[in-house]
Amino acid sequence: EDAEDNDVEDSDFADFEEFDSEESRERRVPSAEKHHSKQGPASDSKGKENINDEVQEEEGDEASVEEEDELEYSDFHDEEEFEGFEGGAPTGKSTPHLTIAKVPASAIGSRWDSYILEIMMVTGLVIYLTNFMMGRAKNARLAQAWFQSHKSLLEENFVLVGDDGKREVGTSGGEENPTYPLVKESEHIYTLWCSGRQCCEGMLVLLKFLKRQDLVWCISQLVRKQSDRLEIQFNLGQDDMDSFVWCIAQKKTAVRLVKEMYDLGTYCPERRLGEKFGLSSSFILMSEIPEALTSIVDSKVTATLNKLAHMVDYIHVSDQYSGPKNQGDGSSQTPSTEVKKVLICGFIVPGEGQAHDLTVIDSMKPLLQLSFYLLDKLKRFRLSKEGKQKAEKNRAKVYEAQMRQTHAARAEAAAQRREEKRRQEKDRMLQEEDPEKQRRWEEKELRRQIKKKQPKIKQLKVKSL
Amino acid sequence: MQQTGGPDPRRPEKIHRYKPIPVGTPGSPSDDATPDYLNVLGMIFSMCGLMMRLKWCGWVALYCSCISFAHSRVNDDTKQILSSFMLSVSAVIMSYLQNPQPMTPPWST
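Residues numbered from 1 in each chain as written. Chains lettered and ligands numbered in written order. Predicted model: local features only at pLDDT ≥ 70, side-chain atom pairs only at ≥ 80, totals over all residues. Heavy atoms only, no water.

An unreviewed UniProt entry lists chain B under the name Protein Asterix, from Darwinula stevensoni. On record in UniProt, under Subcellular location (unreviewed entry), the comment for chain B is "Membrane". Under the UniProt heading Sequence similarities (unreviewed entry), the note attached to chain B is "Belongs to the Asterix family." (UniProt positions renumbered as here; feature names shortened; annotations may be inferred.)

(A) Region of the structure containing the overall build of chain B. When helices and strands are tallied, chain B shows 3 helices and 0 strands. Starting at the N terminus and walking to the C terminus, you meet the elements of chain B as α-α-α. Taking all 109 residues of chain B together, the buried fraction comes to 33%. Put simply, 59% of the contacts in chain B that link residues at least 6 apart link residues at least 24 apart. For chain B, the accessible surface area stands at approximately 6600 Å², while carbon and sulfur atoms represent 68% of it. (Helix = DSSP H or I, 4+ residues; strand = E, 2+ residues; numbered from the N terminus. Buried < 20%, exposed > 50% of the residue type's maximum accessible area, 1.4 Å probe, protein only. Contact = heavy atoms within 4.5 Å. Areas by Shrake-Rupley, 256 points an atom, 1.4 Å probe, with all protein chains shown as cover.)

(B) Focus on the interface of chain A and chain B. Tallying the contact residues gives 55 residues for chain A and 39 residues for chain B. Summing both sides of the interface, chain A and chain B together bury roughly 4100 Å²; the carbon and sulfur share of this comes to 63%. At the boundary of chain A and chain B, one finds 2 salt bridges. A salt bridge links R17 of chain B to D163 of chain A, with the nearest nitrogen and oxygen atoms 2.8 Å apart. At the boundary of chain A with chain B, the tally comes to 17 residue pairs in polar contact (both at pLDDT 80 or more). Among the elements of the structure, helix 5 (116-157), strand 2 (183-186), strand 3 (189-197), strand 4 (200-208), helix 10 (299-307) and helix 12 (365-380) of chain A are those that each provide at least two residues to the side of chain A that touches chain B. For the side of chain A that touches chain B, the leading source of residues is helix 5 of chain A, giving 12 residues. Considered class by class, the residues forming the side of chain A that touches chain B number 24 nonpolar, 14 polar and 17 charged. (Buried area = accessible area lost by both parts, 1.4 Å probe. Salt bridge = Lys/Arg side-chain N within 4 Å of Asp/Glu carboxyl O. Polar contact = N/O pair within 3.5 Å; in protein donor to acceptor, adjacent residues only side chain to side chain. Nonpolar A, V, L, I, M, F, W, Y, C, P; charged D, E, K, R; others polar.)

(C) Looking closely at a nonpolar patch on the surface. On the surface, V89, I93, M94 and L97 of chain B cluster together to form a nonpolar patch covering roughly 350 Å² of accessible area. Tracing the chain through its elements places I93 of chain B in helix 3 (residues 78-98). (Patch = residues over 30% accessible without salt bridge, like charges linked within 9 Å, V, L, I, M, F, W, Y side chains within 5 Å.)

(D) Local environment of empty space enclosed by the protein. Residue and element names in this part refer to chain A. For the structure on display, the rule yields 4 cavities of 30 Å³ or more. Of all the secondary-structure elements, those providing two or more residues to the lining of the second largest cavity are helix 5 and strand 5 (229-236). Its residues placed into classes, the lining of the second largest cavity shows 8 nonpolar, 1 polar and 2 charged. (1 Å grid on protein atoms, 1.4 Å probe; cavity = no way out; pocket = protein on both sides within 12 Å on 5 of 7 lines; lining within 4 Å. Points joined across faces, edges and corners; volume = space filled by probe spheres on them.)

(E) Spatial organisation of the packing of helix 1 (residues 34-52) of chain B against helix 2 (residues 55-70) of chain B. All names here are of chain B. Contact geometry for helix 1 and helix 2: axes closest at 8 Å, N-to-C directions at 160°. The angle between helix 1 and helix 2 falls in the class roughly antiparallel. Read as a crossing pair, helix 1 and helix 2 show a hand that is left-handed. Residues P35, L38, N39, L41, G42, F45, S46, C48 and G49 of helix 1 touch helix 2, and the partners they reach there are W56, C57, G58, V60, A61, C64, I67 and S68. Each residue belonging to the contact of helix 1 with helix 2 can be placed in one class, and the counts come to 11 nonpolar, 6 polar and no charged. (Axes fitted to C-alpha atoms, helices over the stretch in contact; angles between N-to-C directions. Parallel < 35°, antiparallel > 145°, perpendicular 65-115°, else oblique. Left-handed = near helix turned anticlockwise from the far one by under 90°.)

(F) Examining the side chain of D214 of chain A more closely. With respect to the helices, strands and loops of the structure, D214 of chain A is situated in the loop between strand 4 and helix 6 (215-223). Buried D214 of chain A, no salt bridge; nearest opposite-charge side chain is K211 of chain A, N-O distance 6.6 Å. A polar atom in the side chain of D214 of chain A sits 3.3 Å from the backbone nitrogen of V216 of chain A. Reaching out from D214 of chain A, the side chain makes a polar contact with the side chain of H71 of chain B at a distance of 3.3 Å. Setting aside chain neighbours within four positions, we find D214 of chain A in contact with Y128 and N131 of chain A together with I67 and H71 of chain B. (Lys, Arg positive; Asp, Glu negative; His and termini not counted.)

(G) Quick look at a positive patch on the surface. All names here are of chain A. On the surface, R417, R418, K421, K452 and K453 cluster together into a positively charged patch. Listing elements by their share of the positive patch, those giving two or more residues are helix 13 (385-431) and helix 14 (435-453). Looking at the positive patch, the element that brings in the most residues is helix 13, giving 3 residues. Looking at the element boundaries, K452 is found in helix 14. (Charge placed at Lys NZ, Arg CZ, Asp CG, Glu CD.)

Here it is in structure tokens:
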């Protein structure tokens, strides 16, 4: 049996041996001869001789094929056929010269200089931030320069100069607030609060500079010129001023103020030219009681205003000041709105935001002195009897108009409340289990409806004589 | 209009402390709404940049945050400004991570 197994094993593997030999031959001999080796099964030793013979035959065939190509090729070499073709037979040995075309850089996309737009964006950001730093510094310098030049005048008039409402009075500030005593509201707005003077409760100076820190705004400034502004607001006590409202303003500002300010729009809507009162033609006057204006704006004030006309934007005196109307809902003033007595002066820093050396800022000192002069005159001025009556009448009329307006609103609110209550009662009744109660409620409701529909007759009781 | 050397106008007993004007009252210096508008605009642009992968939206959002920062008031809370900056920077970075190709100017397509 073992013998048979061996024979079987030998024969079993015989096929593979053949398979192995073919594979090795394939690797040695180029694929072109593969079909010959498959024809006859050969044993190992005999097979090798046959392969050598076959290889020689193959090379012989190839040689003959090449010779045929050359002969055939020579037929192609016909002068008439190929005019202007000098080249001889192609050698086939020279390596082809490949030229790599120049590919534009942006197509590749990985190199830095293709990110042109990104570089421009980043440069824009850097320029913006640089301008932000410079603009902020310039505004801070201007605020300090204004304070330094007016410091002596402020300290002559006020006990407290500079207060942010948090620090103890009299303690020197400066640690947390670098611009002390000026309080920085934003990069272009600084405020200064002074108090402790006769004729007023306090004075708030508002330095509204141009938005130099914003590059976009600087560009818009090239198109539309604007100037730095200074606003001085005095809060007056009850006895520091009588009851009247007037305003002197440049033409454009006057139109804006009448629209924006509730008290001007209500008490002195008519506008008159400044020339009638000896003022320059650029000014407009609005006054509730003429005597109040003529006695306060005396010759001295008129001369100063005419001299500084390019720096004075508006002067607003009012005992019913409640700030601008809130444009959102357009609702006008109600009796509950808090009113106060104020003197507000709006000034323009000359130079349209350009030349700001100390001389320009010092030239603004008379403006502050004018404000103090007006303040003292307001304290001393009292209305005549007729003026007083006229003022009282105006205020009463306005108060009634406001009450009527709010009355309608109050009535509406009351009606809504009643409606709400009745609806809740109805819901409660619907959920009520006891039919008896429901029936009684419906009767009551019915009686109320009938009574509501009945025409209202006044019943007069006549006593028997 | 020189101050004639009259009596001293100062009155220590009439000192009133400064009461900051409540934010948002019309006419107060903090009434300027530019920073708020630009903040919202910046948020919208950075959302567009993030979701629609538009690179220019991210850049515009970054500029809106810068301008809103320049107009910000001192008593504004810095969280608002910080969040709009972070959002716009993340919009720019995300749009470049998803597609590192450079922005193509509209006139070149």
